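Okay, here's what each chain looks like letter by letter:
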Amino acid sequence: MADLFMMCEKVNRDAFSALPDGYYFRNLKPDEFGAWKALQYSGVDEKHHPAYHAILDEYWKNAYEPHRDLFFNKCVFVCDKDDNIVSTGMIWKSYGKFNSLSWFKTIDAHKGRGIGRALVSHIMDKLTDDEYPVFLHTHPDSIQAIKLYSDFGFCLITDKKVGNRNNDLDESMDELKQNMQPKDFANLRMCRAPRYFLDTADSTNESF
C-alpha cells in the first residue's frame, strides 16, 4: 500500500465544525482496548482480522503500553446516543518528539455526516500554537480523509522517505487527481518536512 505524509504548521479554524445531533465525545476507557482495535479494522475483509489484531497488539506493546494512562487520556471516541463507538482519533507525541494525528477512523455506516470533521476539530482545538506542526501518515486511496486534512491546513510532504517508509507522493498524484473533485485537488499544498522530523523518523525502525 502506498504511503503519504502530511504536515499542519497552523490549523485553519475556518474548517472547524461541531458534532451533529445524537453524537458525543468521550475518552477511551481501559477496558475498551478491544473495541478500539475492532474499530481500526472495521470495513476490512474478515480474513485479515487476525493479522490486524496481532499487528495492533504488537504496536500497543511497543508504543503505548509504557504510557498506558496517557494513551487512554489522549484517545477520543465519538459515540452515538446508544453509546455505540463510531469514530476515534488522537494526538500523540510520536517518539516523544513531534505531535501526530493518529488512528483516525470512522466506521463506514456513519461516514458523510460530518463526524470526522467534528472529531478532528475537537482534537486540534485542544492544541496550543507551540504544539504545532502536527504530522500524519495516510494513503492515496483515503481521498475523503486527505481532502479533510487539507481543509484543516495540512500540506503533503514532498520528501522522498520518512524513516523506513518511502513517500509515494509522486506516484500518487495521478490517483489523487482522478479521484478528487477538481477544486479539492487544486487546493492541495506541498511542503518539505523539517529536518528534526526526518531525523527522528530515521533514528528508529518503528513507523509513526
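As the structure is a prediction and not an experimental result, all values here were calculated from the model.

Visitor: Teacher, can you tell me more about the pairing of strand β1 (residues 4–8) here?
Guide: Side chains on a regular strand alternate between the two faces of the sheet. Counting buried positions along β1 gives five out of five residues, so the element sits mostly inside the fold. What you see with β1 is no split at all: Leu4, Met6 and Cys8 on one side and Phe5 and Met7 on the other are buried throughout. By the bridge criterion, five bridges tie β1 to strand β6 (residues 134–138) in an arrangement that is antiparallel. In the sheet register, phenylalanine 5 faces β6, and the bridge partner there is histidine 137.

Visitor: Help me understand the side chain of threonine 88, please; the structure alone is not making it clear to me.
Guide: Mapped onto the fold, threonine 88 is located in strand β4 (residues 85–94). There is a polar contact of 2.9 Å between the side chain of threonine 88 and the backbone oxygen of valine 76. Discounting residues that sit within four places of it in the chain, threonine 88 has contacts with Trp36, Leu39, Gln40, Cys75, Val76, Phe77, Trp103, Phe104, Lys105 and Leu119.

Visitor: Hey, could you run me through helix α5 (residues 143–151) in this one?
Guide: Side chains that are three or four residues apart share a direction in an α-helix, a result of its 3.6 residues per turn. Those residues of α5 lying buried are Ile143, Ala145, Ile146, Leu148, Tyr149 and Ser150. Residues of α5 that are buried in the fold lie against β1, β5 (98–106), α4 (115–125), β6, β7 (154–157) and α6 (169–179). Following α5 by one or two positions, glycine 153 adopts a phi angle in the positive range, close to 110°.

Visitor: Whenever I open this one, the state of the cysteines confuses me. Can you help?
Guide: Linking two cysteines covalently through their sulfur atoms gives a disulfide. Scanning all chains against the criterion turns up one disulfide. Between the sulfur of cysteine 155 and that of cysteine 191 lies a disulfide, 2.0 Å long from S to S. The sign of the S-S torsion, about 85°, decides the handedness of the disulfide formed by cysteine 155 and cysteine 191: right-handed. Of this pair, cysteine 155 sits in strand β7 while cysteine 191 sits in strand β10 (residues 190–191); the two residues are 36 residues apart in sequence, bridging distant segments of the chain. Across this residue pair, the class does not change: cysteine 155 and cysteine 191 are buried. We note that cysteine 8 lacks a disulfide partner, and the nearest cysteine sulfur, in cysteine 155, lies 7.9 Å from it. Free of any disulfide, cysteine 75 has its nearest neighbouring cysteine sulfur in cysteine 79, separated by 11 Å.

Visitor: Looking at this structure, how should I read the nonpolar core?
Guide: One recurring pattern in soluble globular proteins: nonpolar side chains tend to sit buried together. Counting 37 residues, the largest nonpolar core has Leu101, Met124, Tyr149, Phe154 and Leu176 as the members making the most contacts within it. Ranked by residues supplied to this core, first place goes to α4 with six residues. When near neighbours in sequence (up to four residues on either side) are disregarded, phenylalanine 154 contacts Met6, Met7, Cys8, Leu101, Met124, Val134, Phe135, Leu136, Tyr149 and Arg189. One finds Tyr41, Trp60, Tyr64 and Met90 within the second-largest nonpolar core, a separate group that totals 15 residues.

Visitor: How should I be thinking about the packing of helix α1 (residues 33–40) against helix α2 (residues 49–64) in this particular structure?
Guide: If you want to describe how two helices pack, look at the angle between their axes and the distance between the axes. At a closest axis distance of 10 Å, the pairing of α1 and α2 adopts a crossing angle of 125°. The angle between α1 and α2 falls in the class oblique. Every pair of crossing elements has a handedness; the one defined by α1 and α2 is right-handed. Where α1 abuts α2, its residues Phe33, Trp36, Lys37 and Gln40 lie against His53, Leu56, Asp57 and Trp60. Among the residues making up the contact of α1 with α2, the classes are represented as four nonpolar, two polar and two charged.

Rules used in this analysis
- Residues numbered from 1 in each chain as written.
- Predicted model: local features only at pLDDT ≥ 70, side-chain atom pairs only at ≥ 80, totals over all residues.
- Heavy atoms only, no water.
- Buried < 20%, exposed > 50% of the residue type's maximum accessible area, 1.4 Å probe, protein only.
- Helix = DSSP H or I, 4+ residues; strand = E, 2+ residues; numbered from the N terminus.
- Pairing = 2+ DSSP bridges.
- Polar contact = N/O pair within 3.5 Å; in protein donor to acceptor, adjacent residues only side chain to side chain.
- Contact = heavy atoms within 4.5 Å.
- Disulfide = S-S within 2.5 Å.
- Core = buried A, V, L, I, M, F, W, Y, C linked by side-chain atoms within 4.5 Å.
- Axes fitted to C-alpha atoms, helices over the stretch in contact; angles between N-to-C directions.
- Parallel < 35°, antiparallel > 145°, perpendicular 65-115°, else oblique.
- Left-handed = near helix turned anticlockwise from the far one by under 90°.
- Nonpolar A, V, L, I, M, F, W, Y, C, P; charged D, E, K, R; others polar.

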